[in-house]
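# Structural overview for review
Single-letter residue listing:
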Amino acid sequence: GSVSFLAITNISAPGSTMTMNAGFVTELSSSPALYDFGSVVSTSSSSPWTFSISNTGIINVTIENTAITGTDNPDFVVTSNDCSGRTLSPSQSCTVRVSFVPTGIGQKSAALSIAYTGFTTSTLTVPLLGTGLVALTVNKTGTGSGTVTSSPAGIDCGQDCTEQYSVITTVTLTAAASADSSF
């Protein structure tokens, strides 16, 4: 967030003109400023990502709370938070860890929102992105043997019977029976 302040830069004798300049003070920042968790299978969890929240201003800042906000907020989870309720003096930092746990497939977006009070009450918003994937699993049953492969590549069931695909991918499965088996 930012706040305007007024700096008087030239005060002269009575009756003369004052010159005033408006400026901005940024009070809170996040590193990274946004994060894309990439692709994660629906209902699985990404590794948590650490956001370093820093007071970059010139006065103390009190962090009131942190929350995940936005359209897909159920798909992102705060896994640890040592920021809420803290007062950060200038140059101090705290951390918030977030995981992506897609509840469905496709592009997901939300924000890590950090409400704070400094010169004013404001909110730092950190965009969060991720893609929920579907896992395709081949189950072989029966007494015969053979392999099942996929196009695009990924499944080679003899060894790897599960692969992650985006929702718009068409997957063709090809079964090949061993010499002593039939389908």
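Scroll up to find the structure this text is about.
Residues numbered from 1 in each chain as written. Predicted model: local features only at pLDDT ≥ 70, side-chain atom pairs only at ≥ 80, totals over all residues. Heavy atoms only, no water.

### Side note on the environment of serine 42
For serine 42, the location among the structural elements is in the loop between strand E4 (35-41) and strand E5 (49-55). In sequence terms serine 42 and valine 134 are 92 residues apart; their C-alpha atoms lie 6.0 Å from each other. When near neighbours in sequence (up to four residues on either side) are disregarded, serine 42 contacts Pro102, Thr103, Gly104, Ile105 and Leu133. (Helix = DSSP H or I, 4+ residues; strand = E, 2+ residues; numbered from the N terminus. Contact = heavy atoms within 4.5 Å.)

### Notes on the side chain of aspartate 75
Counting through the fold element by element, aspartate 75 comes out in the loop between strand E6 (61-69) and strand E7 (76-81). Lysine 108 provides the closest opposite charge to the buried, unpaired aspartate 75, separated from it by 4.2 Å. Separated by 2.5 Å, the side chain of aspartate 75 and the backbone nitrogen of threonine 103 make a polar contact. Ignoring anything within four residues of it in the chain, the contact list for aspartate 75 reads Ser99, Phe100, Val101, Pro102, Thr103, Gly104 and Lys108. (Buried < 20%, exposed > 50% of the residue type's maximum accessible area, 1.4 Å probe, protein only. Lys, Arg positive; Asp, Glu negative; His and termini not counted. Salt bridge = Lys/Arg side-chain N within 4 Å of Asp/Glu carboxyl O. Polar contact = N/O pair within 3.5 Å; in protein donor to acceptor, adjacent residues only side chain to side chain.)

### Quick word on the pattern of salt bridges
All told, the structure shown has one salt bridge when counted by the stated rule. We note a salt bridge from aspartate 82 to arginine 86, for which the minimum N-O separation is 3.8 Å.

### Digging into the nonpolar core
Ile53, Val98 and Leu112 are the most contacted members of the largest nonpolar core, which has 23 residues in total. Elements represented by at least two residues in this core include exactly E4, E5, E6, strand E9 (93-100), strand E10 (106-117) and strand E11 (121-137). Here valine 98 is in contact with Phe37, Ser47, Pro48, Trp49, Phe51, Ile68, Phe76, Val77, Val78, Thr79, Leu112 and Leu128, once residues within four sequence places are set aside. Formed by five residues, the second largest nonpolar core is a distinct cluster that contains Val138, Val148, Ile155 and Cys157. (Core = buried A, V, L, I, M, F, W, Y, C linked by side-chain atoms within 4.5 Å.)

### What about the state of the cysteines?
Under the counting rule described, the total for this entry stands at one disulfide. Here cysteine 83 is linked by a disulfide to cysteine 94, with a sulfur-sulfur distance of 2.0 Å. Measuring handedness by torsion sign, the sulfur bridge of cysteine 83 and cysteine 94 sits at about 110° and is right-handed. Placement of cysteine 83 in the loop between E7 and strand E8 (87-88) and of cysteine 94 in strand E9 is noted, with a sequence separation of eleven residues between them. For the pair cysteine 83 and cysteine 94, a shared accessibility class is recorded, and that class is buried. (Disulfide = S-S within 2.5 Å.)

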